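Reading the structure
Here are the chains, one letter per residue:
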Amino acid sequence: MVQVLHHVGSSLIYSTYFGGSHEDRPRAISTGPLGDICVTGLTYSADFPLVNPIRATHSGHGDGFISRLSPDGQQLLFSTLLGGSDITTPHSMLCDPWGDVVVAGGTSAADFPVKHAFQPRFAGSSGLDDGDGFVTVIANDPQPVTPSPLALLDGRFLVEAIWSDPATRQTGTGQGAGLSAGSGYLSFFAPSNLELVVKMVDGRSVNHHFWFFYGALSTVEYWLRVIDTKTGAVRLYHNPPGRIARVADTAAFDAGGAAGQGTGELMRAAAREPAPGDAPRLDRLAGPSGACGQGTLCLQDGRFEVRVSWQVPGLGSGAGNGAPLAAGSGESGTFWFFDPNQVEVAIKILDGRALNGRFWVFYGALSDVQYDVFVTDTTTGQVKTYHNPAGTLASKADTNAF
């Protein structure tokens, strides 16, 4: 039986029987951020309920099972048997937001299925229930599980996010919107409230890899998944709650399409001045509006003016080119430095006066060049300056800015 209670224990959300016609023993349970339930344990039922199973035939001894239920408990999303010709007992499990499951336990089956194994041969005793330990990872198909993934580089790469806010007990999926062929952003709570800015760069001419960058303007917990639709390779990233992240992964996907084994050393692509005919493919306004000067970003109905200046040894210096997001109320925008199709910095200003009497400034970067961000409150004349030294990939949350 699986039961789910309200978080304060005041009501029963759902309760269901789960098993077949013989003894079934759930041993561990795990929940995903969107409320789906993963269950693992031991079954002696030849008619245990299965959906898209990896193994469908019962051994005649105790088999492990791995199952995943929908958040409302009314649908079995996935269910399989696990084991060999002798008893297999899972003891613990973890299910991630994307449908992948990790299970650990014990088995007496010398023919337990192994793949890419650290220890490929049974070394225990078949006379014990847990003759040998095992760790098994079952991966979901590399298909988007969120309704609005972000498509980059002509749709070859899909980026999706799932977020969770422990303070409000809210969860949800990121809504993707493109800024150019290789860059875009994800919003969580409202289209005008930019949370993550991401960029995919074809760096194969430099190190035979595609590069993935993201900068955060949010401290909530979230999970990112990047899918190479050409090869099926997947890259995963996780941000714990309370952290404002920035990542430059220059080994994200190799030229053959496989996902990288670790975050690569940050490498800066050669900067260039925009060539004649360069034009951004934007979900942004075509340029600054109102009283904003050339390249200046005006936010919060023009109260705040944002400018960025950059400097690169050997290339010179210049001013960033700002563009507000087309969606929403003028809270967020982006800057490009060298190429209108390559976003370098994203910034948003939120009105937090209802909480602490202040306006809040957030920015996230996809560039490690030296730059300065200047934010001016046109009502009071106050100016705040944020400096990024060369070689630093920065994200900033200033909830006491103005």
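1. Some points on the pattern of salt bridges
Counting across every chain of the model gives 11 salt bridges. Aspartate 398 is paired through a salt bridge with lysine 384; the nearest N and O atoms lie 3.6 Å apart. Here aspartate 398 is found in strand β29 (residues 395–398), whereas its partner lysine 384 is found in strand β28 (residues 383–388), with 14 residues between them in sequence. Taking relative accessible area as the criterion, aspartate 398 reaches 12% and is therefore assigned buried. Lysine 384 gets classed as partly exposed once you look at its relative accessible area, which sits at 25%.

2. So, the nonpolar core
Membership of the largest hydrophobic core comes to 26 residues, with the highest contact counts inside it found for Phe212, Tyr214, Tyr222 and Leu224. Put simply, the parts of the chain that give this core at least two residues each are β10 (150–152), β11 (157–165), β15 (194–203), β16 (209–216), β17 (221–228) and β19 (246–254). The contacts of tyrosine 222, once residues within four sequence positions are left out, are Ile162, Trp163, Phe188, Leu196, Tyr214, Ala216, Tyr237, His238, Asn239 and Ala245. Counting 25 residues, the second largest nonpolar core, distinct from the first, contains Leu297, Leu299, Phe337 and Phe402.

3. Focus: the layout of surface pockets
In this structure, the largest pocket spans a volume of roughly 910 Å³. Forming the walls of the largest pocket are 27 residues, and the residues nearest its centre are Pro113, Val114, Lys115, Val135 and Thr136. Mapped onto the lining of the largest pocket, the elements with two or more residues apiece are β6 (76–82) and β9 (132–138). Element by element, the count of residues in the lining of the largest pocket is highest for β9, at seven residues. Partitioned by chemical class, the residues of the lining of the largest pocket number 17 nonpolar, five polar and five charged.

4. With respect to the environment of cysteine 298
When you line up the elements, cysteine 298 lands in strand β20 (residues 297–299). Placed 24 residues apart in sequence, cysteine 298 and glycine 322 show a C-alpha to C-alpha distance of 8.6 Å. Apart from the residues within four sequence positions on either side, cysteine 298 is in contact with Cys292, Phe304 and Glu305.

5. Comments concerning unusual backbone geometry
Phi at leucine 153 takes a positive value of approximately 50°, unusual for a residue other than glycine. You can see leucine 153 is positioned in the loop between β10 and β11. We note that histidine 208 has phi near 65°; this positive angle belongs to a residue other than glycine. If you trace the backbone, histidine 208 turns up in the loop between α1 (204–207) and β16.

6. Looking at the confidence of the model for the protein
When pLDDT is low, close inspection of the predicted coordinates is not appropriate. Residue-level pLDDT values for the protein average 84, and 87% of them are 70 or greater. Confidence over residues 262–290 falls short of pLDDT 50; this stretch has 69 contacts with residues more than four positions distant or in other chains.

7. Comments concerning the sheet that holds strand β13 (residues 175–178)
Ordered in space as β13-β14-β15-β16-β19, the five strands form an open sheet in which the pairing is antiparallel. Strand pairing shows two members of the sheet lacking a second neighbour, β13 and β19, which therefore form its edges. Averaged over all neighbouring strand pairs, the angle between strand axes comes to 20°, with direction disregarded. Bridge count between strand β14 (residues 183–187) and β15: five bridges; the pairing is antiparallel. The residue bridging serine 187 from the neighbouring strand is leucine 194, located in β15.

8. Quick look at the packing of aromatic side chains
All chains considered together, the criterion is met by 23 aromatic pairs. For the pair tyrosine 214 and tyrosine 237, a centre-to-centre distance of 5.9 Å together with 75° between the ring planes defines the contact as edge-to-face. Taken as a pair, tyrosine 214 in strand β16 and tyrosine 237 in strand β18 (residues 234–239) lie far apart in primary sequence, 23 residues in all. A residue is classified by how much of its surface remains accessible, and tyrosine 237, at 9% relative accessible area, is buried. Following the ring pairs from residue to residue traces out a cluster consisting of Trp163, Phe188, Phe189, Phe212, Tyr214, Tyr222 and Tyr237. Above the plane of the ring of phenylalanine 213 lies lysine 199, whose end atom (NZ or CZ) is 5.5 Å from the centre. The lysine or arginine in question, lysine 348, covers the ring of phenylalanine 362, its NZ or CZ lying 5.1 Å from the ring centre.

9. Comments concerning the pairing of strand β25 (residues 343–352)
Across the 10 residues of β25, nine count as buried, placing the element largely inside the fold. Bridge count for strand β24 (residues 332–336) against β25 is five bridges, and the pairing is antiparallel. Each bridged residue has a counterpart across the sheet, and for serine 332 the counterpart in β25 is lysine 348. The hairpin turn running from β24 into β25, its antiparallel successor, is six residues long. Note that β25 and strand β26 (residues 358–365) share eight bridges and pair antiparallel. The partner of leucine 350 across the bridge, within β26, is tryptophan 360.

Cut-off values and rules
Residues numbered from 1 in each chain as written. Predicted model: local features only at pLDDT ≥ 70, side-chain atom pairs only at ≥ 80, totals over all residues. Heavy atoms only, no water. Salt bridge = Lys/Arg side-chain N within 4 Å of Asp/Glu carboxyl O. Helix = DSSP H or I, 4+ residues; strand = E, 2+ residues; numbered from the N terminus. Buried < 20%, exposed > 50% of the residue type's maximum accessible area, 1.4 Å probe, protein only. Core = buried A, V, L, I, M, F, W, Y, C linked by side-chain atoms within 4.5 Å. Contact = heavy atoms within 4.5 Å. 1 Å grid on protein atoms, 1.4 Å probe; cavity = no way out; pocket = protein on both sides within 12 Å on 5 of 7 lines; lining within 4 Å. Points joined across faces, edges and corners; volume = space filled by probe spheres on them. Nonpolar A, V, L, I, M, F, W, Y, C, P; charged D, E, K, R; others polar. pLDDT = per-residue confidence, 0-100. Pairing = 2+ DSSP bridges. Axes fitted to C-alpha atoms, helices over the stretch in contact; angles between N-to-C directions. Phe/Tyr/Trp six-rings, centres within 6.5 Å; stacked < 30°, edge-to-face > 60°. Lys NZ or Arg CZ within 6 Å of the ring centre and 35° of its normal.

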